Amino acid sequence: MNKNISNIVNLGDRICATLECNGRRLASVNGMNFPSLEAVKRALIDLAGHYAGMAILTVRNCTQGWRDVTPLATMRRSAAIQQPVAVVAPHAGAQYLIPWAS
């Protein structure tokens, strides 16, 4: 098996690609307007959104007849967790009233 073959994507090539994580399809593209293999991979990652774990990126060039399968490990963090707002006592600086004791 020759490992030195580079998979080239030309602008007119028909590309079918998917990104799957844990057996679930996160994104897929089907088109002809990709200038490079990197552009296909970037489009899939952008479509997938936030996910974490090991994903499989499969790109098939239907025009040239090759397929590229790439594992992709990512640990994307969700938006920063907001700190809870401090609760201010209803009568700051005053004595609490107990309804049953007054």
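In this report, we go over the structure that sits alongside the text.

Membership of the largest hydrophobic core comes to 19 residues, with the highest contact counts inside it found for Ile15, Ala17, Leu19, Val40, Leu44, Tyr51 and Val59. Counting only elements with at least two residues in this core, the list comes to β1 (15–21), β2 (24–31), α1 (37–48) and β3 (52–61). In terms of residues, this core owes the most to one element, α1, which gives five residues.

Right, let's talk about the pattern of salt bridges for a bit. Scanning the entire structure with this criterion turns up two salt bridges. Taking the shortest distance from any N to any O, the salt bridge between Arg25 and Glu20 comes out at 3.9 Å. Under the relative-accessibility criterion, Arg25 is labelled exposed at 52%. A residue is classified by how much of its surface remains accessible, and Glu20, at 30% relative accessible area, is partly exposed.

This part is about the side chain of Asp13. Within the element layout of this structure, Asp13 appears in the segment before β1. No salt bridge forms around the buried Asp13; measuring N to O, its nearest opposite-charge neighbour Arg14 is 11 Å away. Within the structure, Asp13 has its side chain in polar contact with the backbone nitrogen of Asn10 (distance 3.0 Å). Side-chain polar atoms of Asp13 contact the side chain of Gln64, separated by 2.7 Å. Sequence-distant contacts of Asp13, defined by excluding residues within four places in its chain, comprise Ile8, Gly31, Met32, Asn61, Thr63 and Gln64.

Parameters at a glance
- Note on numbering: residues in each chain are counted from 1, in written sequence order.
- Residues qualify for local features only when their pLDDT is at least 70, as the model is predicted, and side-chain atom pairs are given and counted only at 80 or more; totals for whole chains, interfaces and linings, by contrast, use all residues.
- Remark: hydrogens and water are excluded; side-chain values derive from all non-hydrogen atoms of the structure.
- Among buried residues, the Ala, Val, Leu, Ile, Met, Phe, Trp, Tyr and Cys ones that are joined through side-chain atoms within 4.5 Å form a nonpolar core.
- Using a 1.4 Å probe on the protein chains alone, a residue whose accessible area is under 20% of its type maximum counts as buried, one over 50% counts as exposed, and one in between counts as partly exposed.
- Segments assigned H or I by DSSP are reported as helices when at least four residues long, segments assigned E as strands when at least two residues long, and all are numbered from the N terminus.
- The term salt bridge refers to a side-chain nitrogen of Lys or Arg lying within 4 Å of a carboxyl oxygen of Asp or Glu.
- Positive charges come from Lys and Arg, negative ones from Asp and Glu, while His and the chain ends are left out of the count.
- Between N or O atoms, a polar contact is any pair within 3.5 Å; within protein, one atom must be a potential hydrogen donor and the other a potential acceptor, and residues adjacent in sequence are included only when both atoms are from side chains.
- Note on contacts: a residue pair qualifies if any of its non-hydrogen atoms lie within 4.5 Å across the two residues.

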